[in-house]
Amino acid sequence: MQLKIVMTLNCMLLLISGCTESMMFGRQVEILSVSEIQHVVPLVADDQAFSEGLKSFSEGKFDVATVYMQQAVTLTPESPQVWLALAASADQGGRFEISKPAYEQLLKLSGPVFEYQNNIGFSYILQGRYADAEVALRTALSMRPADQTVANNLALLRRIRS
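From a predicted model like this one, the values you see are computed outputs, not experimental measurements.

What follows deals with helix α8 (residues 130-143). Since one α-helical turn is 3.6 residues long, residues separated by three or four positions face the same way. If you check α8, its first and last C-alpha atoms are 20 Å apart, about what 14 residues at 1.5 Å a residue would give, namely 20 Å. Residues of α8 that are buried include every one of A133, A136, L137 and A140, and no others. The arc that holds every buried residue of α8, seen down its axis, measures 95°, which confines them to one face. Exposed residues on α8 whose side chains face more than 90 degrees from its buried face are V135 and S142. Lining the buried residues of α8 we find α7 (114-127) and α9 (148-161).

This is the structure:
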């Protein structure tokens, strides 16, 4: 709910046209284009992009985090951690056109490791791709059977499907 209010306020304050709406977990959220978001995100020094992205993510400012993470991947394109953070930020903001290539790059850099499987599984949940989500999350669970995050994601998937 907070995302919609923030994004709607940004649209009204900046008189930005072209705001789109998307559904996520049955909630309608406003989504700005990346170029629109970049106009409202404070500039940071290159060496601060990743940390500012993490901070924005933890504050629930997912579109802002996405912009910072895009800056960070241009500086450290070989870092799986940065690509994972970009993908997660974009997912949470409903920006699957950004998260998809980020996951593809992450897979190239690190292979189908636990973090990839768990996060892409959650991404698939957000996209409504439940069968793909189950495959990825079960793969993650086989890698770390006691991981509570994967267990929570699978429980979420079961609740959504029922």
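For L126, the location among the structural elements is in helix α7. Considered as a pair, L126 and G94 are 32 residues apart in the sequence and their alpha carbons are 7.8 Å apart.

Let us look at the environment of N118. Within the secondary structure, N118 sits in helix α7. On the basis of relative accessibility, which here comes to 7%, the residue N118 falls in the buried class. In this structure, the C-alpha to C-alpha distance between N118 and A140, residues 22 residues apart in sequence, is 5.5 Å. Here N118 is in contact with L137, A140, T149, V150 and N153, once residues within four sequence places are set aside. A polar contact of 2.9 Å, which involves the side chain of N118, links it to the side chain of N153.

The rules behind these values
- Residues numbered from 1 in each chain as written.
- Predicted model: local features only at pLDDT ≥ 70, side-chain atom pairs only at ≥ 80, totals over all residues.
- Heavy atoms only, no water.
- Helix = DSSP H or I, 4+ residues; strand = E, 2+ residues; numbered from the N terminus.
- Expected span 1.5 Å × (residues − 1).
- Buried < 20%, exposed > 50% of the residue type's maximum accessible area, 1.4 Å probe, protein only.
- Arc of directions from axis to C-beta.
- Contact = heavy atoms within 4.5 Å.
- Polar contact = N/O pair within 3.5 Å; in protein donor to acceptor, adjacent residues only side chain to side chain.

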